[in-house]
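Here is how the chains run, residue by residue.
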Amino acid sequence: MADAFDYVIVGGGAAGCVLAARLSENPATRVCLVEAGGRDTHPYIHMPVGFAKMTSGPMTWGLVTAPQRHANNREIPYAQARVLGGGSSINAEIFTRGHPSDYDRWVEEGADGWSFKEIQKYFLRSEGNTVLSGSWHGTDGPLGVSNIPDPQLTTRAFVQSCQELGIPYNPDFNGPVQEGAGVYQTTTRNGRRCSAAVGYLRPALKRPNLTLVTGALVLRLVFERRRAVGVEYAVKGERHTARAESEVLVTSGAIGSPKLLMLSGVGPADHLRSLGISVVQDLPGVGQNLTDHFGIDIVAELKEHVSLDKYNRPHWMLWAGLQYALFRSGPVTSNVVEGGAFWYADGPGSQSCPDLQFHFLAGAGAEAGVPSVPKGASGITLNSYTLRPRSRGSVTLHSADPNAAPIIDPNFLAEPDDLRVSVEGVKISREIFQQPSLQRHIKEIRFPDFNVRTQADYEAYARQYGRTSYHPVSTCRMGRDPLAVVDSSLRVHGIDGLRICDSSVMPSLVGSNTNAPSIMIGEKASDLVRGNA
Ligand SMILES: Cc1cc2nc3c(=O)[nH]c(=O)nc-3n(C[C@H](O)[C@H](O)[C@H](O)COP(=O)(O)OP(=O)(O)OC[C@H]3O[C@@H](n4cnc5c(N)ncnc54)[C@H](O)[C@@H]3O)c2cc1C
């Protein structure tokens, strides 16, 4: 017999953990959270620097893109989390929230009630900032946010180089002004990562009305006529059913959510039929509109060992480990991607808000698939992307087998403007590296090398080296148009008892990293479900 709950939540990622914690606040509500990955016990998750070790391997789904037509037909590694906490357990911990105009645009795109003014309270409710306060910041929320205790020398040089280039210092990217350069705040507390699993779920797990099932791949949603009534999942090959007497809430992320809907018969009818899947609801937008930030890295070799690469050598690694174990300080408290900037491809004033974001990594070769410096040398990396790309891709099914990876086609650089803005990002990155504060540490910019000079060279570089920035969204877009999948209360069009409550519902990509916005969606979803919104 199936276990029965009021709510079954599919996917214990950033948004799913928020929802499970909020809905189980009412002791009379029975909540079940089902996660495909394991518990978040690995030490790399909790040490901020561990991010660099987790962009491939057992805590990811091991995905790659379809050949990217506009990026030299490369099949690009596509890291997405498969562990409790989802992306919030393996991400780079950068805490940014987008620009207020991103949310106001969502309203124009059909998401009534999601203007910045209306959703800001959810950002504030989630945020437990240990440094900043005032009308732009929450201090009491479950999501710990703090400053990087001891930014690397090269990070500080990066922020100064930006200023030398004319990009002003900004101590708070989440305040009234987004533009400028500074050191990111991170989702950490007391020198440890604060994922949604740590901040939200862990304290809630002691509640008897909250059931957590991990290592459980949800195979399909169960429908009675047009109502979702539960889920079928597999643990170690054994099948189980969890019944939802109120609603099924899908929070499987921008890749996992459309995949699960399509496996369950909700999606583009022709595509589903071609795979032998019976159609419950024809929704052509499921899996469409995939949007992601296409990040392009430049890498320099340093004259001396003044970046985190120094700690790749065993004796320094041991030293860093001891410092962290004894004092919770030192390089292990770094999220690696310490520095950042928001700026303009065509110069200040060219847009009403920045159209480029930069990430400075105090090291080289930290992430899977990114070029590095010669073995034994130390390096630094600067990544940039166009904040609001126009290219749209898709997630479709390879087969009706729930264990098969879907076809992920972000369609990077399909739109000429994305290439143009991206190239400006690479040029500005190079200029930042050429300013005095960083120049004094740099031996040689290795990627792009000195052969990259003309516009055509830069375009070729972007096509060859660009990659995911791990921000897929919009594959189950909120809205009213024919390609919208959910309404502004996150209910799936045409189906009862089913909502999608994660990054996949964003009407369009926000101009920043996407963890805090996904957590905000989880917060607002919890109010929509409880009828408090
Ligand atoms: C490597 C990496 C670095 C990033 N860096 C940053 C950063 O520094 N700052 C930032 O703001 N954002 C960052 N992001 C993005 C951010 O983490 C995501 O936007 C956010 O986690 C999305 O939340 P979500 O709840 O929509 O999905 P996720 O957090 O991905 O959660 C989805 C969960 O559902 C589970 N799942 C999927 N399918 C099923 C199924 N069929 N059955 C059961 N469970 C299932 C998955 O295992 C996963 O745990 C990064 C992401 C990654 C992957």
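Residues numbered from 1 in each chain as written. Predicted model: local features only at pLDDT ≥ 70, side-chain atom pairs only at ≥ 80, totals over all residues. Heavy atoms only, no water.

As named in an unreviewed UniProt entry, the protein is Alanine-phosphoribitol ligase, taken from Rubellimicrobium roseum. According to the UniProt record, the Cofactor (unreviewed entry) comment for the protein reads "FAD". (UniProt positions renumbered as here; feature names shortened; annotations may be inferred.)

Colleague: I'm lost on the nonpolar core in this one. Help?
Modeller: With 80 residues, the main nonpolar core has Trp-114 and Leu-490 as its most contacted residues. Sequence-distant contacts of Trp-114, that is, excluding residues within four places in its chain, are made with Tyr-103, Trp-106, Val-107, Ile-119, Met-478, Ser-488, Leu-490, Met-520, Ile-521, Lys-524 and Leu-528. (Core = buried A, V, L, I, M, F, W, Y, C linked by side-chain atoms within 4.5 Å. Buried < 20%, exposed > 50% of the residue type's maximum accessible area, 1.4 Å probe, protein only. Contact = heavy atoms within 4.5 Å.)

Colleague: Help me understand unusual backbone geometry in this model?
Modeller: Backbone phi values are negative for most residues with the exception of glycine, while trans is the configuration of most peptide bonds. For the bond running from Phe-447 to Pro-448, omega is -5°, close enough to zero to count as cis. As for its position among the elements, Pro-448 is in the loop between strand E24 (442-447) and helix H13 (455-465). Phi is positive for Asn-72, close to 60°, though the residue is something other than glycine. On the secondary structure map, Asn-72 appears in the loop between strand E3 (63-64) and strand E4 (77-78). Classification of Asn-72 as partly exposed rests on a relative accessible area of 40%. Positive phi, close to 70°, is recorded for Val-336, a residue that is not glycine. In this fold, Val-336 is placed in the loop between helix H10 (314-327) and strand E19 (339-343). The class for Val-336 is buried, based on a relative accessible area of 5%. (Helix = DSSP H or I, 4+ residues; strand = E, 2+ residues; numbered from the N terminus.)

Colleague: I keep staring at the UniProt feature "binding site: FAD" (unreviewed entry) in the protein and nothing clicks. Help me out?
Modeller: Annotation from UniProt places "binding site: FAD" (unreviewed entry) at Val-83 and Val-218. Spanning 136 residues, the annotated positions come together in the fold, the maximum distance between their C-alpha atoms being 13.8 Å. Here Val-83 lies in the loop between E4 and helix H3 (87-90). Excluding residues within four positions of it along the chain, Val-83 makes contact with Gly-12, Glu-35, Gly-37, Gly-38, Arg-39, Asp-40, Ile-45, Met-59, Ser-89 and Ile-90. Turning to its location among the elements, Val-218 is positioned in strand E12 (residues 216-224). A relative accessible area of 9% means that Val-218 is categorised as buried. In this structure Val-218 touches Val-10, Val-34, Val-231, Glu-232, Tyr-233 and Leu-260, once residues within four positions along its chain are discounted.

Colleague: Sorry, what's going on with the environment of Thr-214 here?
Modeller: With respect to the secondary-structure elements, Thr-214 resides in the loop between strand E11 (210-213) and E12. The spatial distance from the C-alpha of Thr-214 to the C-alpha of Met-478 is 28 Å, given a sequence separation of 264 residues. Beyond its immediate stretch of four places on either side in the chain, Thr-214 contacts Glu-35, Gly-37, Gly-38, Arg-39 and Leu-84.

Colleague: I keep staring at the UniProt feature "domain: Glucose-methanol-choline oxidoreductase N-terminal" (unreviewed entry) in the protein and nothing clicks. Help me out?
Modeller: UniProt's entry tags residues 81-104 and 253-267 with the feature "domain: Glucose-methanol-choline oxidoreductase N-terminal" (unreviewed entry), counted in the numbering of this structure. Structurally, residues 81-104 comprises 38% helix and 0% strand, and the distance from its first C-alpha atom to its last is 29 Å. With 73% helix and 13% strand, the stretch residues 253-267 has end C-alpha atoms that lie 16 Å from each other.

Colleague: Any chance you could explain the sheet that holds strand E17 (residues 288-290) here in plain terms?
Modeller: Hydrogen bonds along the backbone pair up the strands of a sheet, which may run parallel or antiparallel. Strand order in the open sheet made by the three strands is E17-E22-E23, with antiparallel pairing throughout. Each edge of the sheet is formed by a strand with only one pairing partner; in this case those strands are E17 and strand E23 (407-409). Averaged over all pairs of adjacent strands, the angle between strand axes in this sheet comes to 35°, irrespective of strand direction. Where helix H8 (residues 253-263) meets the sheet, it contacts E17, strand E22 (393-396) and E23, and its direction lies at approximately 50° from that of E22. (Pairing = 2+ DSSP bridges. Axes fitted to C-alpha atoms, helices over the stretch in contact; angles between N-to-C directions.)

Colleague: Help me out: how do you make sense of the domain arrangement of the protein in this one?
Modeller: Often, the extent of an interface is quoted as the loss of accessible area upon association of its parts. Looking at the assigned domains, one finds that the protein contains domain 1 (1-144 + 191-291 + 472-533) and domain 2 (149-183 + 294-386 + 413-465). Taken over both partners, the interface formed by domain 1 and domain 2 buries close to 2500 Å², and the fraction arising from carbon and sulfur atoms is 56%. It is Val-49, His-70 and Arg-74 that lose the most area in domain 1 upon contact with domain 2, and together they represent 21% of the buried surface on that side. On inspection of domain 1 and its partner domain 2, the count reaches zero salt bridges. The interface formed by domain 1 and domain 2 includes 14 residue pairs in polar contact (both at pLDDT 80 or more). Counted by class, the side of domain 1 that touches domain 2 contains twelve nonpolar, 14 polar and four charged residues. (Domains from an automatic or database assignment. Buried area = accessible area lost by both parts, 1.4 Å probe. Salt bridge = Lys/Arg side-chain N within 4 Å of Asp/Glu carboxyl O. Polar contact = N/O pair within 3.5 Å; in protein donor to acceptor, adjacent residues only side chain to side chain. Nonpolar A, V, L, I, M, F, W, Y, C, P; charged D, E, K, R; others polar.)

Colleague: Can you help me understand the packing of helix H5 (residues 116-126) against helix H14 (residues 515-530) in this one?
Modeller: Two quantities define a packed helix pair, namely the angle between the axes and the distance from one axis to the other. Where H5 contacts H14, the two axes come as close as 9 Å, and the packing angle between them is 110°. With respect to H14, the axis of H5 lies roughly perpendicular. Contact with H5, carried on its side by Ile-119, Tyr-122, Phe-123, Arg-125 and Ser-126, involves Ala-516, Pro-517, Ile-519, Met-520, Glu-523, Lys-524, Ser-526, Asp-527 and Arg-530 of H14 and no other residues of that element. A breakdown of the residues in the contact of H5 with H14 according to their chemical character gives seven nonpolar, two polar and five charged. (Parallel < 35°, antiparallel > 145°, perpendicular 65-115°, else oblique.)

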